[in-house]
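Overview (structure and organization)
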Protein chains: 2
Amino acid sequence: MRGKPTLRDVAERAGCSITTVSNILQGRSHLYREDMVHQVMRAAQELGYRPNSIARSLARRRTATIGVALDPQHARLTHNLYAHDVLDGILAFLEPRDYDIRLITPRTSDPAAVWRRIDNGSIDGVVLIAPVMGSPLLEWRHYSSLPAVVVGSTLPEEYRLSHIDIDNTSAMTMLVEWVIQQGHRAIGYIKGHPLHWSAHQREQAFRRVLERYGVPIREEWVLQGDYGPESGARAAEQLLRQSELPTVVMAANDDMAIGFLQQCRTLEIAVPDQISVTGFDDSSWAERMGIPLTTIRHDRYQVGYLAAQQLLHQIETGDTRPQRVLINGALVVRHSVASAYALASPATLQHAFSTEGGSKQ
Amino acid sequence: MRGKPTLRDVAERAGCSITTVSNILQGRSHLYREDMVHQVMRAAQELGYRPNSIARSLARRRTATIGVALDPQHARLTHNLYAHDVLDGILAFLEPRDYDIRLITPRTSDPAAVWRRIDNGSIDGVVLIAPVMGSPLLEWRHYSSLPAVVVGSTLPEEYRLSHIDIDNTSAMTMLVEWVIQQGHRAIGYIKGHPLHWSAHQREQAFRRVLERYGVPIREEWVLQGDYGPESGARAAEQLLRQSELPTVVMAANDDMAIGFLQQCRTLEIAVPDQISVTGFDDSSWAERMGIPLTTIRHDRYQVGYLAAQQLLHQIETGDTRPQRVLINGALVVRHSVASAYALASPATLQHAFSTEGGSKQ
DNA sequence: TCTGGTTATGGAAGCGTTTCCAAGCACCCC
DNA sequence: GGGGTGCTTGGAAACGCTTCCATAACCAGA
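Rules used in this analysis
- Sequence positions are assigned chain by chain, starting from 1 and proceeding in written order.
- All chains are assigned letters beginning at A, and all ligands numbers beginning at 1, according to the order in which they are written.
- In keeping with the predicted nature of the model, local features appear solely for residues at pLDDT of at least 70, side-chain atom pairs appear and are counted solely at 80 or more, and the whole-chain, interface and lining totals rest on all residues.
- As a convention, hydrogens and water are excluded, and side-chain values are obtained from all of the structure's heavy atoms.
- If a single non-hydrogen atom of a residue is within 4 Å of a molecule or strand, that residue counts as near it.
- Residues adjacent in sequence count toward polar contacts only when both atoms are side-chain atoms; beyond that, a polar contact is any pair of N or O atoms within 3.5 Å, and within protein one must be able to donate a hydrogen and the other to accept it.
- The numbering of helices and of strands both runs from the N terminus, where a helix is a DSSP run of H or I of at least 4 residues and a strand a run of E of at least 2.
- Angles here are taken between N-to-C directions and fall from 0 to 180 degrees, while the axes themselves are lines fitted to C-alpha atoms, restricted in helices to the stretch in contact.
- When an angle is under 35 degrees it counts as roughly parallel; over 145 it counts as roughly antiparallel; between 65 and 115 it counts as roughly perpendicular; any other value is oblique.
- Each crossing is labelled by how the near helix is turned from the far one, with a counterclockwise turn of less than a right angle marking it left-handed and a clockwise turn marking it right-handed.
- Every residue pair with non-hydrogen atoms within 4.5 Å of one another is taken to be in contact.
- Each residue is assigned to one of three groups, with Ala, Val, Leu, Ile, Met, Phe, Trp, Tyr, Cys and Pro labelled nonpolar, Asp, Glu, Lys and Arg labelled charged, and all others, Gly among them, labelled polar.
- Put simply, buried area is how much 1.4 Å-probe accessible surface two parts lose in total, over both of them, once they are put together.
- In the sections that follow, a salt bridge refers to a side-chain nitrogen of Lys or Arg positioned within 4 Å of a carboxyl oxygen of Asp or Glu.
- Accessible area is worked out with a 1.4 Å probe on protein chains only. A residue is then buried under 20% of its type maximum, exposed over 50%, and partly exposed in between.
- Put simply, a nonpolar core is a bunch of buried Ala, Val, Leu, Ile, Met, Phe, Trp, Tyr and Cys residues held in one set by side-chain atoms that sit within 4.5 Å of each other.
- Patch definition: residues above 30% relative accessible area lacking any salt bridge, with like charges linked at up to 9 Å and the nonpolar side chains Val, Leu, Ile, Met, Phe, Trp and Tyr linked at up to 5 Å.
- With residues, only the protein chains shown are counted as cover, and all accessible areas are computed by Shrake-Rupley using a 1.4 Å probe.
- Asp and Glu count as negative and Lys and Arg as positive, but His and the ends of the chain are not part of the count.
- For the purpose of locating charges, the reference atoms are NZ of Lys, CZ of Arg, CG of Asp and CD of Glu.
- Pairing between strands requires that DSSP locate at least two bridges from one strand to the other.

**Things to note about the protein's contact with DNA strand D**
Near DNA strand D there are 26 residues, and of these A:L7, A:S22, A:Y49, B:T20 and B:R61 occur at the shortest range. Restricting attention to atoms of DNA strand D within 4 Å of the protein, one finds that 70% of them are sugar or phosphate atoms. Within the backbone of A:L7, one N or O atom sits 2.5 Å away from a phosphate oxygen of DNA strand D. Within the contact set of DNA strand D, a phosphate oxygen lies 2.5 Å away from a side-chain nitrogen or oxygen of A:Y49. Looking at the surface near DNA strand D, the elements with two or more residues in it are α2 (18–25) and α4 (53–60) of chain A together with α2 (18–25) and α4 (53–60) of chain B. Take the surface near DNA strand D: its biggest share by element is 4 residues, from α4(A).

Here's what the structure looks like:
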């Protein structure tokens, strides 16, 4: 016996066939006499035998591994807090089930190449993390029949892919309504990255609510961002030098809100005394910031956990009909929003009227 | 042909043997006539053939996969910024070489079980991320002959494991010397997690430099932390209610420095006007904080990159003699440290004297 | 003694590749 | 025309495991 011990080595030492060893080591020891079981166990123990998972995968046609694929656009993990939280959720579900994780970070946008890396027999299924519009990850149907679950992107139906995500629409609706209930009628918005569905869903929800409440949308207060903190800072630049200001600025995520806040500090504009700010995501960044951000919390860990669960279900039952799960976010009120009622009376709530600068105390 | 096409299917369609197909698809087409090559290529193309990497691994006895193992003590990815940065470096090196990554996050501390998960034939080598003292990951020699590289822990020689890390000693030495050069003689310290080698190395460097410069170490200013921001805040609690205060507090990492700073803000103690603070790591958290932290920057991405490189070298040459690479950190001066010369004259530099509260301007 | 039903074990065919080696063939030179 | 020499191609044995199915032994009942 050279190299690592194999089933054959154990069988030889125990004086039986490899079938016997295989069966016993897989827990089918009720088929055998007790002394046989003992012998095999001892032989395996003594040799330090460890089953070769590659050979096992080949024979079983199951790898007990799932892939986690990042979008080529965001294949860096650094600063991708979303991916971490989701990964932890996935791990939490998979660990006790003895599944392993293969990390897939394609750097090309050629879908054929991407899927060659993903679907090469080495995984049983894949979690696609936050694919953006036009992502090669979404070409799934054309290249692979592997079970797949998308997280972090609420896709249009036609993609026919299972996905799990926060309910962006309902969460943003809740947040905007709350802001309006604080009396704000002059509301700015910083949009997310235009390739993300979530950016559109959040913006649309924002617009809908304002419309519904009859609050006018001032397009000069609606700024393009890209979910990065710098874009929030740039938005602050652009916005804060306008002659008329909103009383509150809603950013499509926390990172941009943080960038916005930084810039406010630089420009010595007090939050929330002079302007209110909201975020979205409740990223842990915000938590550590000096100014506690009012935002939407959603359970990314839970998203990962459910995704893994859903994926394993698909793998084990073969039922790959697309399922959609949307998780509700929670409103987290901290202190980055001031009530506008100091100026606007509650009575104005239904027949809104812009009171620019009105929240200044 | 049911299921995914195999080498056999391609061979049948091209009218040749599987050996031929295998050779051609692996790039050994110079062995064959051009029309044969063409036929095979076309057949493979038409069937959408993709080699099964599991079968390939079994046959080649190489998996083209490396494992990345987290310490069971820190198996969560969330908040483990170090792991992310290192992972990115590893990915950067591995991607172009067509290696994949398997994420291993053991939750037990039983070394046999941990290594059963790690060394089961599914990887060619493993990067062990920041194992702490007593970690099952360090029982490597007893359980596995897999090539392994440790990052994030500068181990004592006797572990006989290759490792790549920042040079904690030289970096902390540099930082402390700089602080002393700013005129500080009353220096506090917040220690890192006692199970991390880095914590001891940094503390030892701190003590050595103070000794060398004849600056007295006041043990009531040396506080135990655990690398978490909360422990930094607790340290601030403890320290700041003492009657005599140091002029500067050096935290063993940025996270604790940030916690300390938060607490200072709460207690309305101005940094650096009333007390100076340093960190270590230059984590991206610090960057986004309001108060720019003077700290040590080290290139975690680079650590990952070099670790992957070193590991591949071991795998490919079979040379697993332990190598140690220490990377120099860089001093990053921002504005969390005030000069103590406002009170202490430069002349006092060599025969230091505590000037508690002396940095107040 | 024969049949049939247990119970305990092993044979052997896969799983989809890789790779060593041999074989077939044409050609050329002496 | 025999024997080398290239050039193409294929056979077959691995790799280490799973699993279907056969076999052998034993015992009970007829």
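**Things to note about the packing of helix α10 (residues 229–240) of chain B against helix α11 (residues 254–266) of chain B**
Residue and element names in this part refer to chain B. It is the contact of α10 with α11, at a shortest axis distance of 6 Å, that shows an interaxial angle of 50°. Judged on the interaxial angle alone, α11 and α10 are oblique. For the pair α10 and α11, the sense of crossing is right-handed. Within the contact between the two elements, α10 uses P229, S231, G232, A233, A235, A236, E237, L239 and L240 and α11 uses D255, M256, G259, F260, Q263 and C264. Considered class by class, the residues forming the contact of α10 with α11 number 9 nonpolar, 4 polar and 2 charged.

**Re the packing of helix α5 (residues 81–94) of chain A against helix α13 (residues 300–317) of chain A**
Residues and elements named next belong to chain A. Where α5 meets α13, the closest approach of the two axes is 7 Å, and the angle between their N-to-C directions is 45°. When the axis of α5 is compared with that of α13, the two are oblique. The two elements α5 and α13 meet at a crossing, and its hand is right-handed. Contacts between α5 and α13 involve Y82, D85, V86, D88, G89, I90, A92, F93 and L94 from the first element and R300, Y301, V303, G304, Y305, A308, Q309 and L312 from the second.

**Observations regarding the interface of chain B and chain A**
Between chain B and chain A, the contact holds 51 residues from the first and 51 residues from the second. Summed over both partners, the interface of chain B with chain A comes to about 5,000 Å²; 47% of that surface belongs to carbon and sulfur atoms. Counting across the interface, chain B meets chain A through 14 salt bridges. In this structure, A:R117 engages B:D100 in a salt bridge whose closest nitrogen and oxygen atoms are separated by 2.8 Å.

**A word on unusual backbone geometry**
A:P272 follows A:V271 through a cis peptide bond whose omega is 5°. Locating A:P272 in the fold gives a position in the loop between α11 (254–266) and β9 (276–278). Phi at A:D282 takes a positive value of approximately 50°, unusual for a residue other than glycine. Considering the arrangement of structural elements, one finds A:D282 in the loop between β9 and α12 (284–288). Accessibility expressed as a relative area gives 8% for A:D282, which makes it buried. Although it is not a glycine, B:R160 sits at a positive phi angle of roughly 50°. One can find B:R160 in the loop between β4 (148–151) and β5 (162–166). Note on B:R160: relative accessible area 51%, which makes it exposed.

**Overview of the environment of B:G279**
Residue and element names in this part refer to chain B. Within the fold, G279 resides in the loop between β9 (276–278) and α12 (284–288). Owing to a relative accessible area of 0%, G279 belongs among the buried residues under this scheme. Those residues in contact with G279, other than ones at most four positions away along the chain, are L175, A251, N253, D254, A257, L293, T294, T295 and I296.

**What about the nonpolar core?**
For soluble globular proteins, nonpolar side chains are generally found buried alongside one another. Counting 98 residues, the largest nonpolar core has A:M172, A:M250, A:F260, B:M172, B:I187, B:M250 and B:F260 as the members making the most contacts within it. Core analysis: the second largest hydrophobic core is formed by 56 residues, A:V68, A:L87, B:Y82 and B:V149 among them.

**With respect to the protein's contact with DNA strand C**
If you check the shell around DNA strand C, you find 28 residues, and the closest are A:T20, A:R61, B:L7, B:S22 and B:Y49. For DNA strand C, the fraction of atoms within 4 Å of the protein that belong to sugar or phosphate moieties is 72%. At 2.8 Å from a phosphate oxygen of DNA strand C is found a side-chain nitrogen or oxygen belonging to B:Y49. Its residues placed into classes, the surface near DNA strand C shows 12 nonpolar, 9 polar and 7 charged.

**Focus on a positive patch on the surface**
The grouping of A:R28, A:R56, A:R60 and A:R62 at the surface amounts to a positive patch. Since its relative accessible area comes to 36%, A:R56 is described here as partly exposed.

**Overview of the pairing of strand β3 (residues 125–129) of chain B**
All names here are of chain B. Among the 5 residues in β3, 5 count as buried, and that is most of the element. Burial along β3 is two-sided: G125, V127 and I129 and V126 and L128, pointing in opposite directions, are all buried. Pairing of strand β1 (residues 65–70) with β3 involves 5 bridges; the strand directions are parallel. Considered in β3, the bridge of I66 is made with G125. Where β3 meets β4, 4 bridges bridge the pair, whose relative direction is parallel. Looking at β4, one finds that I129 is bridged to V151.

By themselves, these are just geometric observations and shouldn't be taken as functional.
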